[in-house]
Amino acid sequence: MIRSLRSVAFVALALGCSAAENPPRLRVKVAADASEIRAVLTDLGYEVRLTEAAAVVADLHFLVSETATARYRPADWLLPRAHAHPGHHHGGAIAGELAGRFVLRWLPEASRLGEATLLSGRYVGASYAFVPAEENDGVEPEDPLHGRAALLGGRVLSDERELVFVVLFDPPDQRMDHVPFDAVIDDDSAVLGLRLKLEADGGVSLFDGIDFFALAPGAGEPLVIASDHPDPEVRVAHQRLRSAFFHHRFHEVRALRGR
Amino acid sequence: MRSARSAAASAGSVLAALALAPIAAAESAGPLAYESEVVGEAAPRSSASARNLSPDELDLLPRRDAEDLLRAVPGLELVQHGSEGKGRQFLLRGFDAGHGADFEVTVDGIPINEWSNVHGQGYVDLNFLVPEAIRALEVTKGPFALAQGPFAVAGSADFRTGIPVDRQGLRVDYTAGSMGRHRGALTWAGPAGRFLAAEGLLDEGFGENRDIRRGAILGRWEIGDVSEGGAVHALAAAHVARFGLPGALRDDEVRAGSRGFYDAADPIGRGRSDRLLGGVGWTRRSAATDTRALVYGGLRSLEVNENFTFFFLDPVRGDRRLQRERSGQAGLRAAHRIRLGERMRLETVGGVRVERLWQAERKVSDEGVELERQRELSALQSLSHLAAGIRLEANRHLELRGGARLDLALVDAEDHLTGERANGQAVALSPRFGATWRLAPAWRLLAAYGRGVRPPEARAFLADRSPPMVQVDSAELGLRFRPSRALAIGAYVFGSHVQREAIYDHLSGLVLELGASRRLGGEVELDLRPMPGLRLLADLAWVDARFVESGRPVPYVPRLGAGLSTLARAPFGTEAGLRLHYLAPRPLPHGARSASRLDLDLRAAHAVGMFEIALEVENLLGLDRREGEYVFSSRRDPGQADGALPALHFSPAPPRHARLTISVRLW
């Protein structure tokens, strides 16, 4: 009898029964995108040209719109939505991730971070942490990035003057959320570019408000802007630059086609 | 190939044998003593698909509780993601109605949906209903009848209490199940619809932390005559239930073998549900009028301690939460129908329901220590409605129905965590129209249009003094063919459009208005009574639910379901029911897909004198079936860095199991 009933099940299965399928997971490469790093004019009239730009990022999340999915996600009766909800208040719901720590080097040469796992969907944002560089990240102790979360170096030009500078950023207190990422990802042919923009929408420069030459240590000496600089004016400038650099408006994730 | 043909032949033989066995038995036994009560055509239809489930549909198929009776409704899928004591999730006509947010349930007219329940809006808990004391179930798919109230978006069901004719007198039942189930039931049915039913249940459940303990009592008393001064009835019910809440298993863990198919994802989740409910109704009928009034009230308590996401939200302390709800409600409903001349009837309906509630949500440790208060809210809320409509016999062939319903929600809510207090209102006007065209004696063409509404929950009023009611416009066109009592066929097409979906997001504190969605579908039903005592029921339901803007399918809702049932009663005291049900894979978020499901359930009973013995077998095929499937993020281990991505989780349906019931009719 049971054997006959199993035969019924067999026929029914043949007619259309099927197993559950997990959401397809796409493996998408992630790399630094330096295409928006070009000479920028600050509000004080300085032209800034970067020659070096790097950061150390960790645990990247890629987010789909929570509003669009809210009604049709498993509702409150199934899932709690606590205040610490990962993704929530980060601009969406997590549908992609790249776990781990990565040196994100834009200049002098763009680096590749690894392969993120994404679910198909319309993405609206990204979120990642900036962490202090360690030897385990491949950053040697003599590297100025060591112990810092990011570094920007280059030249500032004004009239006939030129100043070499480097900014050493301490890590921010929180993850950087709401990084713009507007793309539909439905296959693994894309490369996600983590883009640094020196000029945000509205023409605001990352270096606005920094009077480089007023902070210059002396003729021929490079300007090092860091939180542990003895000059309080320099520390104020560091704080201003840190606030700007770790603001999502100077960052973007782009889906670049081709591999 | 040969084996497939052989299997198909075997399958065919088995189905044929199962279907023909009662016929053979009946033929050998001579004339049949039993003729099932046909209530399906008695009440005027608001739409083609509306129907009353008859006692044989309710009695002859396996059931564990009263909510299981809804499985007999074609196109309605039930999902249990806890254990038996928890309210189920309803899926109907392209709507994921959650625990009742879009599916209205009433018992003898008393609304059961808990409007602002902490666990889920519109939460339906039918633990108090003793299944032996349900005599009929009226189901309307879509919002087409004037009496359908808030939450009747996808449809509604009204349970009619009473002891079926074949259970009159005093009767005691004892059930033993193959998975540690012990249930005792006592029913007494007196004259004039009076009855008392009680049950006690102990069930270890089919897997870890799926146990249930429940006690329920339900009674009804009627006096008077509906045609002479009116009849008064009183209904009273109470229940206590304690049950396990096993959470949802991660599919990848089960596939990897680190967890069993019937294990608990959450081995310590618990729930408790208690209720007191009462109502007094008055009915009076004359040749020209039909008047009904109902006063009801009750006390309710629900507590749910669950962890579905493990360490996703809080990597250190875990995501366990404790939800508590206490409420008291009272209400009044009245309906009056009057004949205006030969061809027209006027129907007016009105009512008010007032509820005082307190609810809290706490983040707790596995040991029950409170870690964080996440919600503490009290509210006084009322839902009022007024409706009027006419039913016009335009001519011999055409009946027209039209009316409108006004629903008003008033809420005074206080958030005890922030000290914020707010009051506001939401209102909705819902037109309801219908027409029945008698094409020929056996043919009916029915058209219906209606708007269903879901009021915003109490919390939403703290964000917006006038949050919108969700309004869903639905239409149905159906053809019914009933050439004789032996055959009825129904075919329906339907559509629904949700212009604006609004939900309250308690994190952002905003009422989110989401994109439009639409549903298109069709259903076919066959009811065949080839000979007295034998009935074959078949149904097929298909629906395509999509978001208007993106064209993507609405996740979680079934696209295709089909059922085939054989019900038989023989004159020598034997009765049997066999149900085969198939549910096609459902679309899930992010391109995931649920498994299909195949159910084959059997009930067979034989009565000798004062004794009856019944055997119920569920999942006769012994398949590992998934009842609920969800895509969300969870992290099994504390401190786990990865695993933020949504993954497939599921709640298993019961494995093959049997229940044996011995009944004794004492008098």
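Residues numbered from 1 in each chain as written. Chains lettered and ligands numbered in written order. Predicted model: local features only at pLDDT ≥ 70, side-chain atom pairs only at ≥ 80, totals over all residues. Heavy atoms only, no water.

Enquirer: Explain the overall build of chain B to me, please; I cannot follow it from the model alone.
Expert: Across its full length, chain B carries four helices and 35 strands. Radius of gyration (C-alpha) of chain B: 25 Å, near the 26 Å computed for a compact globule of 667 residues. Projected onto the principal axes, the alpha-carbon positions of chain B cover approximately 70 × 65 × 50 Å. Taking all 667 residues of chain B together, the buried fraction comes to 60%. Put simply, 63% of the contacts in chain B that link residues at least 6 apart link residues at least 24 apart. Surface exposure of chain B reaches about 24,200 Å², of which carbon and sulfur atoms provide 61%. (Helix = DSSP H or I, 4+ residues; strand = E, 2+ residues; numbered from the N terminus. Rg over C-alpha atoms; globule rule 2.2 N^0.38 Å. Buried < 20%, exposed > 50% of the residue type's maximum accessible area, 1.4 Å probe, protein only. Contact = heavy atoms within 4.5 Å. Areas by Shrake-Rupley, 256 points an atom, 1.4 Å probe, with all protein chains shown as cover.)

Enquirer: Would you explain the overall build of chain A in this entry?
Expert: Regarding its fold elements, chain A presents four helices and twelve strands. Across the 259 residues that make up chain A, the buried fraction comes to 53%. Considering only contacts in chain A between residues 6 or more positions apart, those separated by 24 or more positions represent 79%. If you sum the accessible surface of chain A, you get close to 11,300 Å²; carbon and sulfur atoms cover 49% of it.

Enquirer: Could you clarify how one ought to interpret unusual backbone geometry in this entry?
Expert: Among all residues save glycine, negative phi is the norm, and among peptide bonds the norm is trans. A cis geometry characterises the amide bond from Leu-107 of chain A onward to Pro-108 of chain A, with omega recorded as 10 degrees. A positive phi angle, near 50 degrees, is found at Asp-159 of chain A, a position not held by glycine. Checked against the element boundaries, Asp-159 of chain A lands in the loop between β7 (150-158) and β8 (161-169). Phi at Phe-310 of chain B takes a positive value of approximately 60 degrees, unusual for a residue other than glycine. Judged by its relative accessible area of 4%, Phe-310 of chain B falls in the buried class.

Enquirer: Please explain the sheet that holds strand β1 (residues 51-53) of chain B as it appears in this structure.
Expert: The strands that make up a sheet pair up through hydrogen bonds in the backbone, lying either parallel or antiparallel. All names here are of chain B. Strand order across the open sheet formed by five strands is β1-β7-β8-β5-β6, with mixed pairing between neighbours. Two strands close off the open sheet at either side, each with one partner strand: β1 and β6 (110-111). Taken together, the three bridges between β1 and strand β7 (residues 134-141) define a ladder with antiparallel strand orientation. Opposite Leu-53, over in β7, you have Leu-137 as the bridge partner. (Pairing = 2+ DSSP bridges.)

Enquirer: Can you help me understand the sheet that holds strand β14 (residues 249-250) of chain B in this one?
Expert: All names here are of chain B. Strand order in the open sheet formed by three strands is β14-β34-β33, with antiparallel pairing between adjacent strands. With partners counted over all chains shown, the strands left at the sheet margins are β14 and β33 (626-632), one partner each. Bridge analysis of β14 against strand β34 (residues 647-652) gives two bridges, and the strand direction is antiparallel. Residue Arg-250 lies in a different strand from β34, and its bridge partner there is His-649.

Enquirer: Teacher, can you tell me more about the nonpolar core here?
Expert: Side chains that are nonpolar tend, in soluble globular proteins, to be buried together. With 71 residues, the main nonpolar core has Phe-62, Phe-207 and Phe-212 of chain A as its most contacted residues. Phe-207 of chain A has contacts with Val-40, Thr-42, Val-48, Leu-50, Leu-152, Phe-165, Leu-198, Phe-212 and Leu-241 of chain A, leaving out every residue within four places of it along the chain. With 45 residues, the next largest nonpolar core counts Leu-69, Leu-129, Ala-154 and Val-470 of chain B among its residues. (Core = buried A, V, L, I, M, F, W, Y, C linked by side-chain atoms within 4.5 Å.)

Enquirer: How do you make sense of the packing of aromatic side chains when you look at a structure like this?
Expert: For any pair of aromatic rings, the description consists of the separation of the ring centres together with the inter-plane angle of the planes. Residue and element names in this part refer to chain A. What the rule picks out here adds up to 21 aromatic pairs over all chains. Between Phe-169 and Phe-246, the ring centres sit 5.9 Å apart and the planes meet at 75 degrees, which makes this aromatic pair edge-to-face. A residue pair is termed long-range when its members are at least 10 positions apart, and Phe-169 in strand β8 and Phe-246 in the loop between α4 (232-245) and β12 (251-257) qualify at 77 residues. On the basis of relative accessibility, which here comes to 0%, the residue Phe-169 falls in the buried class. (Phe/Tyr/Trp six-rings, centres within 6.5 Å; stacked < 30°, edge-to-face > 60°.)

Enquirer: Quick question: what am I supposed to make of the pairing of strand β3 (residues 47-64) of chain A here?
Expert: Look at any regular strand and the pattern is simple: side chains alternate between the two faces of the sheet. Residues and elements named next belong to chain A. Counting buried positions over the 18 residues of β3 gives 13, a clear majority of the element. The pairing of strand β2 (residues 40-41) with β3 spans two bridges and is antiparallel. Each bridged residue has a counterpart across the sheet, and for Leu-41 the counterpart in β3 is Glu-47. By the bridge criterion, eleven bridges tie β3 to strand β4 (residues 93-107) in an arrangement that is antiparallel. From the neighbouring strand, Val-57 faces β4, where its bridge partner is Phe-102.

Enquirer: Could you clarify how one ought to interpret the environment of Gly-278 of chain B in this entry?
Expert: On the secondary structure map, Gly-278 of chain B appears in strand β15 (residues 270-285). Sequence-wise, Gly-278 of chain B and Ala-234 of chain B are 44 residues apart; in three dimensions their C-alpha atoms are separated by 7.3 Å.

Enquirer: I tried to follow the confidence of the model for chain A on my own but got confused; where do I start?
Expert: Low-confidence regions, as indicated by low pLDDT, have predicted coordinates that should not be scrutinised in detail. All names here are of chain A. Per-residue pLDDT for chain A averages 85, and the proportion of residues at 70 or more is 82%. Throughout residues 67-75 the model reports pLDDT below 50, and contacts reaching past four residues in sequence, or to other chains, amount to 26 contacts. In the model, residues 80-90 has pLDDT below 50 throughout and makes 42 contacts with residues more than four positions away in sequence or in other chains. (pLDDT = per-residue confidence, 0-100.)

Enquirer: Before we go on, may I ask you to explain α4 of chain A in this structure?
Expert: One turn of the α-helix equals 3.6 residues, which is why residues spaced by three or four share an orientation. Residues and elements named next belong to chain A. End to end, α4 covers 20 Å across 14 residues, agreeing with the expected 20 Å (1.5 Å per residue, within 8%). Within the sequence span of α4, burial applies to Val-234, Ala-237, His-238, Leu-241, Arg-242, Ala-244 and Phe-245. Viewed along the axis of α4, the buried residues span an arc of 160 degrees, placing them on a single side of the element. Projecting away from the buried face of α4 at angles above 90 degrees are the exposed residues Glu-233 and Val-236. (Expected span 1.5 Å × (residues − 1). Arc of directions from axis to C-beta.)

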